[in-house]
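Here is what each chain is made of, one letter per residue.
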Amino acid sequence: MGQTIDIREAEAASAEFIALPYTLYANEPAWRAPLRMERCSQLSAKKNPAMAVIQPRFFTAYRGGLPVGRIAGFINQAHLSRYEDDTVFFGYFDCIEDAAVEDALLMAVKDWAKTAGYGRLVGPTMWSVNEECGLLVDGFEHPPAVMMPFGRPQQVAAVERHGFDKQIDMLAYRADISNGSPDSPFMRRLMKLADKDDGISWRSMDARNFKSEVALAMDIFNDAWSENWGFLPFPTAQIDHMATEMRPIMYPEGFWVASIDEEPAAFIWMIPDVNEAVKGFDGRLLPFNWAKLLWRLKRKQVRKSRIPLMGVRKKYQNTKRGLAAVNKICSLAFDAGRDQGFSQCELSWILEDNEGVKGICDIAGADPYKTYRMYGIDL
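For the structure given in this document, a descriptive report is provided here. If you're wondering where the values come from, they're calculated on a predicted model, not measured in any experiment. (Residues numbered from 1 in each chain as written. Predicted model: local features only at pLDDT ≥ 70, side-chain atom pairs only at ≥ 80, totals over all residues. Heavy atoms only, no water.)

### A look at the overall build of the protein
The secondary structure content of the protein amounts to twelve helices and 13 strands. Dimensions of the protein, computed from the C-alpha atoms along their principal axes, are close to 75 × 50 × 35 Å. For the protein, buried positions account for 56% of its 379 residues. Across the protein, the fraction of contacts at a sequence separation of at least 24, relative to all contacts at a separation of at least 6, is 78%. Accessible area of the protein: about 16800 Å², with a carbon and sulfur share of 51%. Treating the 45 positive side-chain charges of the protein as one cloud and the 50 negative ones as another, the clouds have centres 6 Å apart. (Helix = DSSP H or I, 4+ residues; strand = E, 2+ residues; numbered from the N terminus. Buried < 20%, exposed > 50% of the residue type's maximum accessible area, 1.4 Å probe, protein only. Contact = heavy atoms within 4.5 Å. Areas by Shrake-Rupley, 256 points an atom, 1.4 Å probe, with all protein chains shown as cover. Lys, Arg positive; Asp, Glu negative; His and termini not counted. Charge placed at Lys NZ, Arg CZ, Asp CG, Glu CD.)

### Things to note about a nonpolar patch on the surface
Side chains of Leu286, Trp290 and Leu294 sit close together on the surface and give an oily, nonpolar patch of about 340 Å² of accessible area. Residue position: tryptophan 290 is located in helix α10 (residues 289–298). (Patch = residues over 30% accessible without salt bridge, like charges linked within 9 Å, V, L, I, M, F, W, Y side chains within 5 Å. Salt bridge = Lys/Arg side-chain N within 4 Å of Asp/Glu carboxyl O.)

### Some words on the side chain of asparagine 275
On the secondary structure map, asparagine 275 appears in helix α9 (residues 274–277). The exposure class assigned to asparagine 275 is buried, which follows from its relative accessible area of 8%. Reaching out from asparagine 275, the side chain makes a polar contact with the backbone oxygen of alanine 145 at a distance of 3.1 Å. In this structure asparagine 275 touches Arg32, Pro144, Ala145 and Val146, once residues within four positions along its chain are discounted. (Polar contact = N/O pair within 3.5 Å; in protein donor to acceptor, adjacent residues only side chain to side chain.)

### Structural notes on helix α6 (residues 185–196)
Between the first and last C-alpha of α6 there are 17 Å, a value that for twelve residues agrees with the 16 Å anticipated at 1.5 Å per step. Where α6 is concerned, the buried positions are Met187, Leu190, Met191 and Ala194. Along the long axis of α6, the arc covered by the buried residues comes to 105°, so they all point the same way. Away from the buried face of α6 by more than 90 degrees, exposed residues Arg189, Lys192 and Lys196 are located. The inward-facing, buried residues of α6 abut β8 (200–204), α11 (320–339) and α12 (355–363). (Expected span 1.5 Å × (residues − 1). Arc of directions from axis to C-beta.)

### With respect to unusual backbone geometry
A cis geometry characterises the amide bond from glycine 123 onward to proline 124, with omega recorded as 0°. Relative to the helices and strands, proline 124 is located in the loop between β5 (120–123) and β6 (135–138). Positive phi values are uncommon outside glycine, yet methionine 147 reaches one of about 65°. Of note in this structure, aspartate 282 is not a glycine but carries a positive phi near 55°. Considering the arrangement of structural elements, one finds aspartate 282 in the loop between α9 and α10.

### Here we look at the environment of alanine 172
Note that alanine 172 resides in strand β7 (residues 165–176). A relative accessible area of 0% places alanine 172 in the buried class. Spatially, the C-alpha atoms of alanine 172 and alanine 366 are 9.4 Å apart, while their sequence positions differ by 194 residues.

### Remarks on the packing of aromatic side chains
Under the criterion given, the structure shown has 18 aromatic pairs. Measuring from centroid to centroid gives 6.1 Å for phenylalanine 210 and tryptophan 269, while their planes differ by 75°, and the two rings are edge-to-face. Taken as a pair, phenylalanine 210 in helix α7 (residues 210–224) and tryptophan 269 in strand β10 (residues 263–272) lie far apart in primary sequence, 59 residues in all. Exposure remark for tryptophan 269: the relative accessible area of 0% places this residue in the buried category. One aromatic cluster is present, formed by Phe17, Phe58, Phe74, Phe89, Tyr92 and Trp127 through successive ring pairs. In this arrangement the basic side chain of arginine 8 is found over the ring face of tyrosine 62, its NZ or CZ atom lying 3.8 Å from the centre. (Phe/Tyr/Trp six-rings, centres within 6.5 Å; stacked < 30°, edge-to-face > 60°. Lys NZ or Arg CZ within 6 Å of the ring centre and 35° of its normal.)

### Let's talk about the nonpolar core
Within the largest apolar cluster, 96 residues are counted, with the highest numbers of intra-cluster contacts made by Met218, Phe267, Trp269 and Met270. Once residues lying within four places of it in the same chain are set aside, the contact partners of tryptophan 269 are Met205, Phe210, Val214, Met246, Met250, Gly254, Phe255, Arg306, Ile307, Pro308 and Leu309. Among the nonpolar cores identified, the runner-up in size contains 27 residues, and Val68, Ala113, Leu121 and Val137 belong to it. (Core = buried A, V, L, I, M, F, W, Y, C linked by side-chain atoms within 4.5 Å.)

Here it is, written out as structure tokens:
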């Protein structure tokens, strides 16, 4: 008979809860340990403004006195205010490869949601779709890009065994930018259209006004994505927090804004894949890894980039001018990425039903190579 599994519940994430993935996945070839200080910040109500609307419960599984798994359940008041759909969420689902542990954790979070009086449980996500979300269902052999989840096949089997059904898929696209912007006859036509239209203009980031630039991008994003599945607008405090966290890894030529008739209409933001830069750090910057990180970034040792944010205002979506403007700034971002030493770019994530952005990815010569899935269950 196996040892008893003990599930312990808390209102705040413990040190063991935060550290567990670093032990679980240490020998996984595709695992890329995120920075521990960033994980601590994300799970801190004092440091992460996104948690202002979150009521979390953290569950850690122990067997023989040792932590062997974790999961979180949470109420997102911003989601309930917007959708009024009686839904709560789960995330941070990581455990050893053992069905008994998986079952104990999933039962714990389902029981919590029922006891709290809610009718539906959806996940996995880290607080909202504005952060890491989705369970990896294919592409397991590829390491996750920065701010994208790691996953194992047995996690998919576990949630499906418990009756969770697919809600929606989120795709990660990959583009070869070793020669700069992908080229095609259609892209060349769009480039000519942008160049000939005096009403279309573009510029890179004004680094002196970094926070204002991020706020502008988020204003476009909130409009562009407002009708997408699970959308929640970025509040001001979260925008400021994101700007502070992303500033150390940004470079002005990775951020472009396109305007149509002097109105900011679209933006794109490419960043280095920091997961590649911190490989081998085990999530730690001290005492000397911070210097290695700076050296790798400045010496252009990182070959992969990611576009985590882009958007086109709704009024310009599916229009020739909008498409021409987006094509122009995508091309500029890819060329700048090549100059930074990047040979590959991930565009993620893209909802499976977002035909407009999927079309932009196709134009950019990108192919889907990973799928992340959101699951849900009626309680």
